[in-house]
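Read off the chains here:
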Amino acid sequence: MTINRKKLEDNLMHFVRSRSPRHAAASPRMDLLETGLLDSLLLVDLIFHIEESYGVRFDSDQVNPSNFRTVEDIVAVVLGQLPMPQAQAD
Amino acid sequence: MKWPLVRRPVPQSQVPLYNRFYLYASSASQVDPTLVWGTEIDADALQAFLHERNRNGRIVLTAAHALIRATALALEQFPEINARLVGRRIYAFRDVNIRMAFFHRRNSEMDLLLIENAHLKSLERIGLEIWQRLLQAGRGEGGRDRDLARFRRIPTFWFRRIVRLYGFLDRHFRLPTLGRLDGTRAGCMMVNDLSFSGAPPMRMYKPTRFPDKSDVFNLTLGPMEPKVVARSDQFVSVNVMPLFLRADHRLVDAQQVGRFLGVVRDLLSNPDKLAGGYFESADIDRIVEATRKQK
């Protein structure tokens, strides 16, 4: 499976934006924690969406703010956990 | 096997007369000992605190984690609330354990988790344990998840009888907790974080009681909403979150309920007071052991 950064970001943005009308205005660099968009339900759903779609598994100690502050941060963590040949930049 | 309750019940002489009036009422009187008190907390202060902790912290913290720590710290101050009914007797819990309802993603239903000795644990420790359980439940990998799956396979006929028998025993006898399924009985206070995004404003909330009498108290935090209040002769818009406590008049009266809720409200509205506690399990175990020896 080849994962393109842009496609991954679009996929995660779609997942977040479709959550509720309030989430529709989210952007890749928006701070999801400061804006209160990332509650525990969304965070868990997001983790399992990534796990099921890309096979990247998160441990509980990885649920730290620096990994989940923005969609860009999440993309970086996902790409960082994938084997090197699969991760492609734009 | 663990014994969540102390060996001897609270002596009748120490139970206030009015509480005993409810305690000994016959079921024919259809008396309802349920008390509900609702209040609000300053959500701006709590959110600012969580944002600050999430800027530099190692675990994502939410209002649920703050609610658990605040409840545990308040319970430590009000040991008379850390108790439950067994028959018509009141037994104190040995430890300050908090149970929390959460959405079990894999089973698409509610489940419970227990944070043991929550008053000793830092917010980060509480957060880590909750994330661990949420991820474990989502994958169906935990021992409790396997037990739940086995329990689910029991035919309805036997399921009903087991639940009834267990409920009868639990209501009338001081039982130990035997495994992962009944382990969540080891705390008097159940907390509910219903402040999730998209939840409607909460004006009233009366949580149900479990068929057993272990969850004597329920504390529910509702969603944040703006409210105009008067401050220094000016109207200002602030964010508030509703907080509802369901209690039982057989154990406490309205004055105790109000004082307890006041402490939780103060802790959540002034969340710097939630700092402290231990992160490492070894530190927590050492203190629990020392406290048990003292007792």
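Draft legend 1. Expanded view of the overall build of chain A. Broken down by element type, chain A carries 4 helices and 2 strands. Counting helices and strands in the order they occur from the N terminus, chain A gives β-α-α-α-α-β. What you see for chain A is a C-alpha radius of gyration of 12 Å, in line with the 12 Å of a compact globule of 90 residues. For chain A, the C-alpha atoms occupy an extent of roughly 35 × 25 × 20 Å along the three principal directions. Looking at chain A as a whole, 50% of its 90 residues qualify as buried. Total accessible area computed for chain A in this model is approximately 4,300 Å², and 51% of it derives from carbon and sulfur atoms. With 9 positive and 13 negative side-chain charges, chain A shows a spacing of 5 Å between the two charge centroids.

Draft legend 2. Here's a closer look at the overall build of chain B. For chain B, the helix and strand inventory stands at 8 helices and 9 strands. Each of the three principal axes of chain B carries a C-alpha extent, and together these read 55 × 45 × 45 Å. When the 295 residues of chain B are sorted by exposure, 51% land in the buried category. Restricting to contacts in chain B with at least 6 residues of sequence separation, those with at least 24 account for 72%.

Draft legend 3. Structural context of the pairing of strand 6 (residues 189–193) of chain B. Residues and elements named next belong to chain B. With respect to burial, strand 6 is a largely interior element, 4 of its 5 residues being buried. Both strand 4 (residues 98–104) and strand 6 contribute to a ladder of 3 bridges, which runs parallel. Its bridge partner being in strand 6, R99 is matched across the sheet by M190. As defined by bridge partners, strand 6 adjoins strand 7 (residues 217–221) across 5 bridges and the pair is classed as parallel. Following the sheet pairing, N192 is matched in strand 7 by T220.

Draft legend 4. Representation of the nonpolar core in the model. Residues and elements named next belong to chain B. Core analysis: the largest hydrophobic core is formed by 97 residues, its most contacted members being M189, F217 and L268. When residues in this core are grouped by element, the largest group, 10 residues, is from helix 3 (residues 63–77). With residues up to four places along the chain from it excluded, the contact list for M189 reads T71, L75, I81, I98, R99, F217, N218, L219, L245 and F260.

Draft legend 5. Layout of the packing of aromatic side chains. Under the definition given, this model contains 7 aromatic pairs over all chains. Between F58 of chain A and F68 of chain A, the ring centres sit 5.3 Å apart and the planes meet at 50°, which makes this aromatic pair tilted. You can see F58 of chain A sitting in the loop between helix 2 (40–54) and helix 3 (65–68) and its partner F68 of chain A sitting in helix 3, a full 10 residues away along the chain. For F58 of chain A, a relative accessible area of 0% corresponds to the buried category. Taking the centre distance of 5.7 Å and the plane angle of 75° together, the rings of Y18 of chain B and Y22 of chain B count as edge-to-face. Within this pair, Y18 of chain B and its partner Y22 of chain B are both found in helix 1 (residues 17–23), separated by 4 residues, close to a single helical turn. Clustering of aromatic rings is evident, with ring pairs tying together Y18, F21 and Y22 of chain B. When the ring centre of F157 of chain B is taken as origin, the NZ or CZ atom of R161 of chain B, which lies over that ring, is 3.9 Å away.

Draft legend 6. Molecular detail of the interface of chain A and chain B. Residue-level contacts link 24 residues of chain A with 20 residues of chain B. Summed over both sides, the interface of chain A with chain B buries roughly 2,000 Å², with 59% coming from carbon and sulfur. Together, E34, F48 and S60 of chain A form the three largest contributors to the area buried by chain A at its contact with chain B, with a combined 26%. For the interface between chain A and chain B, the tally reads 5 salt bridges.

Draft legend 7. A look at helix 2 of chain A. All names here are of chain A. In a regular helix each residue adds 1.5 Å, so 15 residues correspond to 21 Å; helix 2 covers 21 Å between its end C-alpha atoms and thus fits that length. Across the 15 residues of helix 2, 11 count as buried, placing the element largely inside the fold. What helix 2 keeps buried is the set L42, L43, V44, D45, L46, I47, F48, H49, I50, E51 and Y54. Positive backbone phi, at 70°, marks G55, one or two positions downstream of helix 2.

Draft legend 8. Region of the structure containing a nonpolar patch on the surface. A contiguous nonpolar patch, built from L41 of chain A together with F103, M110 and F196 of chain B and spanning about 350 Å² of accessible area, is present on the exposed surface. With respect to the secondary-structure elements, L41 of chain A resides in helix 2.

Draft legend 9. A look at the packing of helix 3 of chain B against helix 7 (residues 254–269) of chain B. Residues and elements named next belong to chain B. Relative to each other, helix 3 and helix 7 sit at 135°, their axes nearing to 9 Å. Taken together, the axes of helix 3 and helix 7 lie oblique to each other. Once helix 3 is placed against helix 7, the crossing between them reads as right-handed. Residues A66, L67, A70, T71, L73, A74, L75 and Q77 of helix 3 form the contact with helix 7, whose participating residues are F260, V263, V264, L267 and L268.

Draft legend 10. Seen up close, unusual backbone geometry. Residue and element names in this part refer to chain B. At S232, a position not held by glycine, the phi torsion is positive, near 50°. Along the chain, S232 turns up in the loop between strand 8 (225–231) and strand 9 (234–248). Using a relative accessible area of 73% as the deciding quantity, one classes S232 as exposed. If you check the backbone angles, D233 has positive phi at about 65° while not being a glycine. Relative to the helices and strands, D233 is located in the loop between strand 8 and strand 9. Exposure remark for D233: the relative accessible area of 83% places this residue in the exposed category.

Basis of the calculations
- Residues numbered from 1 in each chain as written.
- Chains lettered and ligands numbered in written order.
- Predicted model: local features only at pLDDT ≥ 70, side-chain atom pairs only at ≥ 80, totals over all residues.
- Heavy atoms only, no water.
- Helix = DSSP H or I, 4+ residues; strand = E, 2+ residues; numbered from the N terminus.
- Rg over C-alpha atoms; globule rule 2.2 N^0.38 Å.
- Buried < 20%, exposed > 50% of the residue type's maximum accessible area, 1.4 Å probe, protein only.
- Areas by Shrake-Rupley, 256 points an atom, 1.4 Å probe, with all protein chains shown as cover.
- Lys, Arg positive; Asp, Glu negative; His and termini not counted.
- Charge placed at Lys NZ, Arg CZ, Asp CG, Glu CD.
- Contact = heavy atoms within 4.5 Å.
- Pairing = 2+ DSSP bridges.
- Core = buried A, V, L, I, M, F, W, Y, C linked by side-chain atoms within 4.5 Å.
- Phe/Tyr/Trp six-rings, centres within 6.5 Å; stacked < 30°, edge-to-face > 60°.
- Lys NZ or Arg CZ within 6 Å of the ring centre and 35° of its normal.
- Buried area = accessible area lost by both parts, 1.4 Å probe.
- Salt bridge = Lys/Arg side-chain N within 4 Å of Asp/Glu carboxyl O.
- Expected span 1.5 Å × (residues − 1).
- Patch = residues over 30% accessible without salt bridge, like charges linked within 9 Å, V, L, I, M, F, W, Y side chains within 5 Å.
- Axes fitted to C-alpha atoms, helices over the stretch in contact; angles between N-to-C directions.
- Parallel < 35°, antiparallel > 145°, perpendicular 65-115°, else oblique.
- Left-handed = near helix turned anticlockwise from the far one by under 90°.

Read these as geometric descriptors, not functional statements.
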